[in-house]
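Examination of the molecular architecture
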Amino acid sequence: MHDCHREIAASLTALGAEVRIDAAGNLRGFYAGAESKAPRLLLGSHLDTVPNAGAFDGVLGVVLAVALLEALDGRQLPYGIEIVGFSEEEGVRFGTPFIGSRALTGRLDKELLSRKDLRGISVRNAIEEFGLNPQEIPLAALGDDILGYVEFHIEQGPVLEALKLPLGVVDAIAGQSRLEFKFVGRANHAGTTPMHLRYDAIAGAAEWITAVEREAHKVPGLVATVGAIEAQPGATNVIAGEARLTLDVRHGLDEVRTRALENIVREAEEIAKRRGLFVRQNILLSQSAVAMDPFLIHEIERAIREAGCEPHHVVSGAGHDAMILAEKVPAAMVFLRTPGGISHDPAESVAIEDVAKAIECGLHLLDRLSSSSTFHKRMCRA
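Residues numbered from 1 in each chain as written. Predicted model: local features only at pLDDT ≥ 70, side-chain atom pairs only at ≥ 80, totals over all residues. Heavy atoms only, no water.

A few words now on the packing of helix α9 (residues 294–306) against helix α11 (residues 352–371). Relative orientation of the contacting elements α9 and α11 amounts to 125 degrees, with a least axis distance of 8 Å. For the element pair α9 / α11, the angle class is oblique. The two elements α9 and α11 meet at a crossing, and its hand is right-handed. Residue-level contacts link Phe295, Leu296, Glu299, Ile300, Arg302, Ala303, Ile304 and Glu306 of α9 to Glu360, Cys361, His364, Leu365, Arg368 and Leu369 of α11. (Axes fitted to C-alpha atoms, helices over the stretch in contact; angles between N-to-C directions. Helix = DSSP H or I, 4+ residues; strand = E, 2+ residues; numbered from the N terminus. Parallel < 35°, antiparallel > 145°, perpendicular 65-115°, else oblique. Left-handed = near helix turned anticlockwise from the far one by under 90°. Contact = heavy atoms within 4.5 Å.)

This part is about the packing of aromatic side chains. One pass over the structure, following the stated rule, counts five aromatic pairs. Here Phe86 and Tyr149 contribute two aromatic rings whose centre-to-centre distance is 6.1 Å and whose plane-to-plane angle is 70 degrees, an arrangement assigned as edge-to-face. Here Phe86 is found in strand β4 (residues 80–86), whereas its partner Tyr149 is found in strand β5 (residues 146–154), with 63 residues between them in sequence. The two residues Phe86 and Tyr149 agree in class, both being buried. Aromatic pair Phe295 and Phe375: ring centres 6.1 Å apart, planes at 15 degrees, arrangement stacked. Within this pair, whereas Phe295 is found in helix α9, its partner Phe375 is found in helix α12 (residues 373–381), the two being separated by 80 residues in sequence. Judged by relative accessible area, which is 14%, Phe295 ranks as buried. You can call Phe375 buried: its relative accessible area is 0%. (Phe/Tyr/Trp six-rings, centres within 6.5 Å; stacked < 30°, edge-to-face > 60°. Buried < 20%, exposed > 50% of the residue type's maximum accessible area, 1.4 Å probe, protein only.)

Counting buried positions along strand β2 (residues 27–31) gives five out of five residues, so the element sits mostly inside the fold. Because side chains alternate across β2, one face comprises the buried residues Leu27, Gly29 and Tyr31, and the other comprises Arg28 and Phe30, equally buried. Across four bridges, the pairing between strand β1 (residues 18–21) and β2 is antiparallel. If you follow Ile21 over to β2, its bridge partner there is Leu27. Counting the residues in the hairpin turn of β1 and β2 gives five residues, including Gly25, whose phi is positive at 85 degrees. Bridging between β2 and β4 involves five bridges; their strand directions are antiparallel. (Pairing = 2+ DSSP bridges.)

With that settled, the discussion passes to the nonpolar core. By size, the foremost hydrophobic cluster in this structure holds 70 residues, and its most contacted members are Tyr79, Ile81 and Leu336. For this core, the element with the highest residue contribution is helix α2 (residues 59–72), accounting for eight residues. Ignoring any residue separated from it by four or fewer positions in sequence, one finds Tyr79 in contact with Gly33, Ala38, Pro39, Leu41, Leu147, Leu366, Leu369, Ser370, Phe375 and Met379. Core analysis: the second largest hydrophobic core is formed by 25 residues, Ala224, Leu245, Val249 and Val279 among them. (Core = buried A, V, L, I, M, F, W, Y, C linked by side-chain atoms within 4.5 Å.)

Right, let's talk about the side chain of Ser122 for a bit. Within the secondary structure layout, Ser122 lies in the loop between α4 (110–113) and α5 (123–129). The exposure class of Ser122 is buried, given its relative accessible area of 6%. When residues no more than four places from it in sequence are discounted, the contact partners of Ser122 are Phe94, Leu113, Ser114, Arg115 and Lys116.

Looking now at the environment of Glu267. By secondary structure assignment, the location of Glu267 is in helix α8 (residues 254–275). For the pair Glu267 and Trp208, spaced 59 residues apart in the sequence, the C-alpha separation amounts to 6.8 Å. Those residues in contact with Glu267, other than ones at most four positions away along the chain, are Trp208, Ala211 and Arg214.

Shown next as structure tokens:
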């Protein structure tokens, strides 16, 4: 990440931006507006990714924002532009996503800073080891001069490609529930324990996994995923006494997601009771669905048309920093077509011509906001 910061900071500095790294590890590059105290528009995305990832998830949005500054060719707008490269969006290391963007909204609290990775290192310790001071995290919070946040991101799905469209505008980001389940039975010898006298944690977990899939198929628009499973003691000739699993449930409507999750939990309890097992769950994340800003949606739609493309409105099934920033400032997203719908995999890709269209759309958007009376009213309030 230090290398990544140096690379992007060099590009931003060459374009006249002031660059800093805040205490949560976010890269912040500020390009001043025509007036010294002009409010600012945020552009950006995240710089981290997942294991065995592709090259475009997150970082494309940061590089594309830099390209927009480059395309301005020194021209200053009525508002300033702050580019943000978020430090930690995926939640891989600590099991909690959006650490970087939470700092901008003032939600990086003591409980979150105390969370530990598998090696017992806390978020606070990791920040210190990176060379930053966690005591300065409050200084990362956004001020009152923010007009909004716009994030360019690959779709990470097949919809735009199926429609043969390069760009889409995001209407909302689906809510997410992430949980950890533990089925507890009794470890015993695999060769000497009859089938009817077993309390097999893995067998119970396996039955529940199919129940999760069944529930997701029943509810339109719902996705539910058991992404990881770990058995103890994990030996070939031992009946598993414990099985730990993760669950990820998403939907664009919170009431639908909540109802489905209640059904899934009830299934786990019924399966455990019938099999003589014990089950418990721990909530890792409960993120409400977030609507994007209607004004920015409208302006992005018109900018996409001005770039010669037909806009398509989507609900994002993936979480993004935009859903965190939307708690504090108007936020919106532009999706780029993802070839094959493949993401979080080395085969993840993007078409160069789609990136060109995204830059063209971005420039139209910046100009539209510069001349918008509604946006000027926002600037006056800021």
